[in-house]
Protein chains: 2
Amino acid sequence: MKNIDDFQLIVDEEIKRQHRNLEPKELYEPIWYTLSNGGKRLRPVLVLMGCQLFSDRIEEAVLPAIGIEMFHNFTLLHDDIMDKAFLRRNRPTVHIKWDVNRAILSGDALAIQSNIFISSCSREVLPEVLNVFLTTALQVCEGQQYDLNFEIKSMVSVDEYMNMIRLKTAVLLAGSLQIGAIIGGAGKDWAQRVYDLGCELGMAFQLQDDLLDTFGDEDVFGKSIGGDILSDKKTFLLIKAYEQASPEQAKVLDDCYSGKCTDPDQKVKEVRKIFMDLGIDQMTRKKVREYLYSALAILEELPVEKERKTELENFTRSLMDRVR
Amino acid sequence: MKNIDDFQLIVDEEIKRQHRNLEPKELYEPIWYTLSNGGKRLRPVLVLMGCQLFSDRIEEAVLPAIGIEMFHNFTLLHDDIMDKAFLRRNRPTVHIKWDVNRAILSGDALAIQSNIFISSCSREVLPEVLNVFLTTALQVCEGQQYDLNFEIKSMVSVDEYMNMIRLKTAVLLAGSLQIGAIIGGAGKDWAQRVYDLGCELGMAFQLQDDLLDTFGDEDVFGKSIGGDILSDKKTFLLIKAYEQASPEQAKVLDDCYSGKCTDPDQKVKEVRKIFMDLGIDQMTRKKVREYLYSALAILEELPVEKERKTELENFTRSLMDRVR
């Protein structure tokens, strides 16, 4: 049995091995720049973990796993244009390092390459794998659109927010796990349960992300804390806080989020204080745990040897105390 | 046997039939706006013609044909952002009617939908169809990148230009025809010959486009004449003209293309005169005919009943005197 570190290594090595100096370089340079970003490779690792749940023939899932990582990177590349983000993992984003046209077109090419890699699975499972991948891929776009819509909406409900992160983040983690399971030989019904498991994981992962953005340790988390607050992002924390705030607290939040508070440190401090006074951080941690326990319960159900489940169980438990 | 008009009708009806009012509407509205543009549906019609070369079961090719049309429209949507185009078929482009973010994201979603439709072909031919489609799709991106590169290059050779239009335009026409042929049951080798035929058609089509942009009849062609000249586009006509110009003619061209000539009508008139003095229009027409005869020669080779070839032959011959 392979563990997460093995999987990460396999993914990183394969991405390097697949690198070619293709022409025109204006198109392919930004793709390699994006793929060599030193990310956690979470999604392709989930593909391999999903496969190992049902089979030892991990190698059959490696190229589709790279395809999923390519797709994820394509969405980051285009999202960074839409969000006008300057930095990603401490490096200039593609549309800043080159220009918007290069970012649009190399993103398009990367999306096509992702389909090429996904399609390299065996003929027998290709229609099922593609069905999961393409359904998921479209949902990711829907999630990004809802996220953009939220920017100009005055308020967003918890349900709307949960639906948005399900689409934007959770389904791709779920689809990754399911694609691995399908390639590993899981039947239709169990592959679907693996998808459900992945959805719970994905929801936990995104809520954790919201939490770390506001309450994480800057040096460990790897990005500056309070970014969501400073960019007025409507996160789970803020939506819940508004739901439960006293009139006085709501007034402070209104002031903070209407541009009245011009000192960024002050703004982060005040919003964090209200979150803590209302116990939003604890409530979010509890929600994260609920999702993770639900994932573990599905894992328990799966009709495979216990040792096949070990890595996914370890990974799920590690998310409970995730700090980066 | 069905003819081109039948095929166009089938495609238009199916696109309408597939229309859904999906959510979020911000994502899906621009897609429907783009797909209902009243275009010629050339690529999906080629899919159906490719299928009819080998089979009567056209219905199996209809959804993949729509997928090809979706892919083509996705490239137009993103190209219009990159080219800063305001109008397409006399309507505002998506990034003008809405905004750049909507155009990027709805384009991405349309690209994914195109893959969903392509993948709806039968399991038996899916790997082959996807292979042709994705290889072609990536080449279209390469072609667009070369086209963008040419804008800032001082000069472009005929070979470079031919390679660019092969990638940007010809391979998708060729791939469309080949995908139809594969679905129709053509073996690997004949499907490849159908692709070659499509490439010749595609080259002819693009050179004809260059010609019509400069020498067409505005009312018939449907866009204003001289657009390529006014936007300093390095077309086959211009590249050939520079190759053959006398020093005096080259001087006039240099002046026209360095912004010295500020009157647009004057610029178009002077450049057109040099093209005609050098016989570039006749030479381009000759080149178009060569490609089309070469396409007809391949059509002749194909081991199918003569009546199966009739529509593609008619279509090819109609391109000889194409005016729009």
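Residue numbering note: each chain is counted from 1, following its sequence as written. By the order in which they are written, chains take letters starting at A while ligands take numbers starting at 1. Thresholds applied to this predicted model are a pLDDT of at least 70 for local features of residues and 80 or more for the giving and counting of side-chain atom pairs; totals over whole chains, interfaces and linings are not thresholded and use all residues. Hydrogens are left out, water is left out, and the side-chain values use all remaining heavy atoms of the structure.

Student: Give a detailed account of the overall build of chain A, specifying residues and quantitative values.
Tutor: Only DSSP runs of H or I reaching four residues or more are called helices, and only runs of E reaching two or more are called strands; each is numbered from the N terminus. In terms of helices and strands, chain A carries 16 helices and two strands. The globule rule used for comparison is 2.2 Å times the number of residues to the exponent 0.38, while the radius of gyration itself is calculated over C-alpha atoms. For 324 residues, the compact-globule formula gives about 20 Å, and the C-alpha radius of gyration of chain A, at 20 Å, lands near that figure. In terms of its C-alpha atoms, chain A occupies a principal-axis envelope of roughly 60 × 50 × 30 Å. Categorising residues by exposure relies on relative accessible area from a 1.4 Å probe, with only protein chains included: less than 20% of the type maximum marks a residue as buried, more than 50% marks it as exposed, and the intermediate range marks it as partly exposed. Relative to its full complement of 324 residues, chain A shows a buried share of 58%. Surface exposure here means Shrake-Rupley accessible area, sampled with a 1.4 Å probe, where a residue is shielded only by the protein chains that are shown. Accessible area for chain A stands at about 14000 Å²; split by element, carbon and sulfur atoms hold 50% of it. In this charge count, Lys and Arg are treated as positive and Asp and Glu as negative; neither His nor the chain ends contribute. For the purpose of locating charges, the reference atoms are NZ of Lys, CZ of Arg, CG of Asp and CD of Glu. Distance from the positive charge centre (41 side chains) to the negative charge centre (52 side chains) of chain A: 1 Å.

Student: Hey, could you go over the packing of helix α15 (residues 280–301) of chain A against helix α16 (residues 306–320) of chain A for me, with residue numbers and the actual values?
Tutor: Pairs of packed helices are described in terms of their axes, by the angle between the two and the distance that separates them. Residue and element names in this part refer to chain A. Where α15 meets α16, the closest approach of the two axes is 9 Å, and the angle between their N-to-C directions is 170°. The pairing of α15 with α16 is recorded here as roughly antiparallel in orientation. Residues Arg289, Leu292, Tyr293, Ala295, Leu296, Leu299, Glu300 and Glu301 of α15 form the contact with α16, whose own contacting residues are Lys309, Leu312, Glu313, Thr316, Arg317, Leu319 and Met320. An axis is simply a line fitted to the C-alpha atoms; with a helix, the fit covers only the stretch in contact. Between two such axes, the angle follows the N-to-C directions and lies from 0 to 180 degrees. Any angle between 65 and 115 degrees counts as roughly perpendicular, while under 35 counts as roughly parallel, over 145 as roughly antiparallel, and the rest as oblique. Note on contacts: a residue pair qualifies if any of its non-hydrogen atoms lie within 4.5 Å across the two residues.

Student: Which residues make up the relation of the copies chain A and chain B, and what are the values?
Tutor: Alignment of copies: least-squares fit on C-alpha atoms of residues with pLDDT of at least 70 in both copies. With an RMSD of 0.0 Å, chain A superimposes on chain B once it is rotated by 180° and translated 0.0 Å along the axis. Classification of the inter-copy transformation places it as that of a two-fold axis. Both copies contact each other with a shared surface, as 100% of the interface residues of chain A are interface residues in chain B too.

Student: So, the interface of chain A and chain B: which residues are in play, and what are the values?
Tutor: Each partner contributes residues to the interface: chain A has 37 residues there, and chain B has 37 residues. Accessible area, probed at 1.4 Å, shrinks when two parts are joined; the buried area is that loss added up over both. Carbon and sulfur atoms make up 69% of the area that chain A and chain B hide from each other, which totals about 3400 Å². The working definition used for a salt bridge is a side-chain nitrogen of Lys or Arg within 4 Å of a carboxyl oxygen of Asp or Glu. Applying the counting rule to chain A against chain B returns two salt bridges. Between Glu128 of chain A and Arg123 of chain B there is a salt bridge, with its nearest N and O atoms 3.0 Å apart.

Student: So what's going on with the side chain of Ser55 of chain B? Which residues, and what values?
Tutor: All names here are of chain B. Along the chain, Ser55 falls in the loop between α3 (42–52) and α4 (59–82). Whenever a nitrogen or oxygen atom comes within 3.5 Å of another N or O atom, the pair is scored as a polar contact, on the condition that within protein one atom can donate a hydrogen and the other can accept it, and that pairs from neighbouring residues in sequence are kept only if both atoms are in side chains. There is a polar contact of 2.8 Å between the side chain of Ser55 and the backbone nitrogen of Arg57. The residues touching Ser55, leaving out its near neighbours within four places in the chain, are Gly184 and Arg308.

Student: Can you tell me about empty space enclosed by the protein, naming the residues and giving the values?
Tutor: The distinction between a cavity and a pocket rests on a 1 Å grid over the protein atoms alone: a 1.4 Å probe fits inside a cavity but cannot get out, while a pocket stays open yet meets protein on both sides within 12 Å along at least five of seven lines, and a residue with an atom within 4 Å of a point counts as lining. Grid points are joined across faces, edges and corners, and a volume is the space filled by probe spheres set on the points. According to the stated counting rule, one finds four cavities of 30 Å³ or more in the structure shown. Approximately 160 Å³ is the volume attributed to the largest cavity. Broken down by secondary-structure element, the contributors of at least two residues to the lining of the largest cavity are α4 (59–82), α6 (100–118) and α7 (126–152) of chain A together with α4 and α6 (100–118) of chain B. The greatest single-element share of the lining of the largest cavity, amounting to five residues, is contributed by α6 of chain A. Among the residues making up the lining of the largest cavity, the classes are represented as 12 nonpolar, three polar and two charged. For this classification, Asp, Glu, Lys and Arg are treated as charged, while Ala, Val, Leu, Ile, Met, Phe, Trp, Tyr, Cys and Pro are nonpolar and the rest, including Gly, are polar.

Student: Could you give an account of the confidence of the model for chain A, naming the residues involved and the relevant values?
Tutor: As a per-residue measure, pLDDT tells how confident the predictor is, with possible values from 0 to 100. Model confidence for chain A is summarised by a mean pLDDT of 94, while 98% of its residues fall at 70 or above. For this predicted complex, the interface confidence comes out at an ipTM of 0.96, alongside a pTM of 0.96.

Student: Describe helix α12 (residues 236–244) of chain A, and please don't skip the residues or the numbers.
Tutor: Inspection of α12 of chain A places Phe236, Leu237, Leu238, Ile239, Lys240 and Ala241 of chain A among the buried residues, and these make up the whole buried set. Here the buried face of α12 of chain A lies against α8 (158–184), α9 (188–215), α13 (247–256), α14 (264–277) and α15 of chain A.

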